[in-house]
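In case you want the letters, here they are:
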Amino acid sequence: MNSEDSNLDLTRIRREYLAESFDEGDLLDQPHQQFQRWFEQHRRLDPANATAMVLATASEQGLPSARIVLLKHFDQHGFCWYTDYRSLKGQQLAQNPQAELLFYWPELDRQVRIGGHVERLDRGSAEQYFSERPRGSQLSAAISHQSYPVGNRQQLEQQVEALSRQLDGKTVDCPDQWGGYRLRPVRYEFWQGRENRLHDRLVFCLEQGNWQVQRLAP
Ligand SMILES: Cc1cc2nc3c(=O)[nH]c(=O)nc-3n(C[C@H](O)[C@H](O)[C@H](O)COP(=O)(O)O)c2cc1C
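The text that follows walks through the structure, step by step, so that each part is easy to find. Within each chain, residue numbers correspond to sequence positions counted from 1 in written order. Per-residue local features are limited, in this predicted model, to residues with pLDDT of at least 70; the limit for side-chain atom pairs, both in listing and counting, is 80 or more; totals at the level of whole chains, interfaces and linings are taken over all residues.

**So, the overall build of the protein chain**
A helix here means a DSSP run of H or I that spans at least four residues, while a strand means a run of E at least two residues long, and both kinds are numbered starting from the N terminus. Secondary structure summary: the protein chain contains six helices and nine strands in total. Considering only C-alpha atoms, the protein chain reaches an extent of 60 × 55 × 40 Å along its principal axes. Exposure classification rests on a simple neighbour count of other C-beta atoms within 10 Å of a residue's own: a residue reaching 20 or more is buried, one at 12 or fewer is exposed, and one in between is partly exposed. C-beta atoms are placed from the backbone. When the 218 residues of the protein chain are sorted by exposure, 22% land in the buried category. Residues are defined as contacting one another if the C-beta atoms placed from their backbone atoms lie within 7 Å. For the protein chain, restricting intrachain contacts to residue pairs at least 6 apart in sequence, the fraction spanning at least 24 positions comes to 63%.

**Concerning the site of the ligand**
In the vicinity of the ligand, 14 residues are found, and the nearest of them are Thr 83, Ser 87, Leu 88, Lys 89 and Ser 147. If you list the elements that add at least two residues to the shell around the ligand, you get β2 (64-70), β4 (78-84) and α3 (88-95). Broken down by element, the residue count for the shell around the ligand peaks at five residues, all from β2. Charged residues are taken to be Asp, Glu, Lys and Arg, nonpolar residues to be Ala, Val, Leu, Ile, Met, Phe, Trp, Tyr, Cys and Pro, and polar residues to be all remaining types, Gly included. Each residue belonging to the shell around the ligand can be placed in one class, and the counts come to seven nonpolar, five polar and two charged. Whether a residue is near a molecule or strand depends on its C-beta atom, generated from backbone atoms, being within 6 Å of that molecule or strand.

**Quick look at the nonpolar core**
For this entry, the nonpolar core is defined as buried Ala, Val, Leu, Ile, Met, Phe, Trp, Tyr and Cys residues connected by C-beta atoms within 7 Å. By size, the foremost hydrophobic cluster in this structure holds 27 residues, and its most contacted members are Ala 99, Leu 101, Val 112, Ile 114, Leu 183 and Tyr 188. If you list the elements that add at least two residues to this core, you get β1 (52-58), β4, β5 (98-105), β6 (110-120), α4 (123-132), β7 (178-192) and β8 (200-207). Looking at this core, the element that brings in the most residues is β7, giving six residues. Excluding residues that lie within four positions of it along the chain, Leu 101 makes contacts with Met 53, Val 54, Leu 55, Phe 79, Ile 114 and Leu 183.

**A word on α3**
Those residues of α3 not exposed but buried are Lys 89, Gln 92 and Leu 93. The buried residues of α3 all sit within an arc of 100° when viewed along its axis, so they share a single face. Residues of α3 that are buried sit in contact with β1, β2, β4, β5, β6 and β7. For this quantity, the arc is that covered by the directions from the helix axis to the C-beta atoms.

**A few points about the pairing of β8**
Should DSSP find at least two bridges between two strands, the strands are regarded as paired. By the bridge criterion, six bridges tie β7 to β8 in an arrangement that is antiparallel. Bridging across to β8, Glu 189 finds its partner in Val 203. Joining the antiparallel neighbours β8 and strand β9 (residues 210-215) is a turn of two residues, in which Gln 208 adopts a positive phi near 45°.

**A short note on the packing of helix α5 (residues 135-143) against helix α6 (residues 153-167)**
Each pair of packed helices can be summarised by the angle the axes make with each other and by the distance between the axes. Note on method: axes are straight lines fitted to C-alpha atoms, helices fitted across the in-contact stretch only, with angles between N-to-C directions ranging 0 to 180 degrees. Packing of α5 against α6 leaves a shortest axis separation of 9 Å and a crossing angle of 115°. By the angle between their axes, α5 is roughly perpendicular relative to α6. For the element pair α5 and α6, the recorded crossing hand is right-handed. Contacts between α5 and α6 pair Leu 139, Ser 140, Ala 142 and Ile 143 from the former with Leu 156, Gln 159, Val 160, Leu 163 and Ser 164 from the latter. Its residues assigned to classes, the contact of α5 with α6 comprises six nonpolar, three polar and no charged. Any angle from 65 to 115 degrees is called roughly perpendicular, while one under 35 is roughly parallel, one over 145 is roughly antiparallel, and all others are oblique. Handedness of a crossing is defined here by the sense of rotation of the near helix relative to the far one, left-handed for an anticlockwise turn of less than a right angle and right-handed for a clockwise turn.

**Quick notes on the environment of Glu 127**
Structurally, Glu 127 is set in helix α4. Look at Glu 127 and you get partly exposed, because 13 C-beta atoms sit within 10 Å. Taking C-alpha positions, Glu 127 is 18 Å from Val 69, a pair spaced 58 residues apart along the chain.

**Here's the deal with the environment of Leu 202**
Topologically, Leu 202 is positioned in strand β8. What makes Leu 202 buried here is the crowd of 20 C-beta atoms within 10 Å. Residues Leu 202 and Leu 102, 100 residues apart in the sequence, show an inter-C-alpha distance of 15 Å. Discounting chain neighbours no more than four positions away, the residues touching Leu 202 are Phe 22, Glu 24, Leu 27, Phe 190, Val 213 and Arg 215.

**Brief notes about the environment of Ala 94**
By the element assignment, Ala 94 lies in helix α3. For the pair Ala 94 and Glu 119, spaced 25 residues apart in the sequence, the C-alpha separation amounts to 9.2 Å.

In structure tokens form, the structure reads like this:
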């Protein structure tokens with residue numbers, strides 16, 4: 001960091017959130033439908049990044065970690081993404097299968113938090129989705145032991161090169177340790193930024209199989 005950077009005063013960066021109101025009456029009955037409505041509105045404004053979401057996990061001891069993954073499917077049963085089961089997130093989810101997903105949609109002054117229990121998708125889903133990925137991504141996934149140290153970039157490139165030569169155009173099989181997860185939501189929070197920081201926060205909580213709605217103070 002140079003001296004110019006260290007003088008940056010972030011407390012002076014301010015903006016107003018001027019979105020329209022977001023009331024209990026605006027909510028759809030099912031939270032995944034509400035999510036879909038907001039997701040589509042965001043997707044129209046930012047299609048390239050629409051599926052990016054933060055996945056927050058924690059170890060058994062409560063050590064948190066967060067990273068971006070891409071949402072590949074959602075419906076009333078949950079929200080799905082693909083990864084390497086041996087990664088840090090995979091290890092944490094094996095110890096503690098609770099997680100939160102976070103979407104930040106700045107063009108609309110919105111964020112959505114979705115918490116719940118995480119389960120692995122079946123092998124068939126992994127194979128199906130893996131087979132649809134570009135070959136370059138398949139080769140990278142096949143040689144990468146995600147989240148483990150590597151000596152340098154060249155090693156990775158050589159491994160990709162070697163596998164590509166070995167397969168000689170044949171199908172790249174879905175690696176055993178590569179697959180999907182589904183988060184089954186028990187809580188959704190829809191946050192709408194408003195003027196003077198008096199934001200709207202509407203929460204759906206699953207209680208005995210029914211979604212209950214609550215407003216939270218901003
Ligand atoms: C835009 C974007 C999309 C990403 N999508 C994925 C993804 O779908 N699956 C994945 O495993 N990692 C994805 N990553 C990489 C992760 O953020 C992370 O580096 C990786 O999963 C290892 O995380 P971990 O060590 O916490 O397990 C993505 C990163 C970015 C910035």
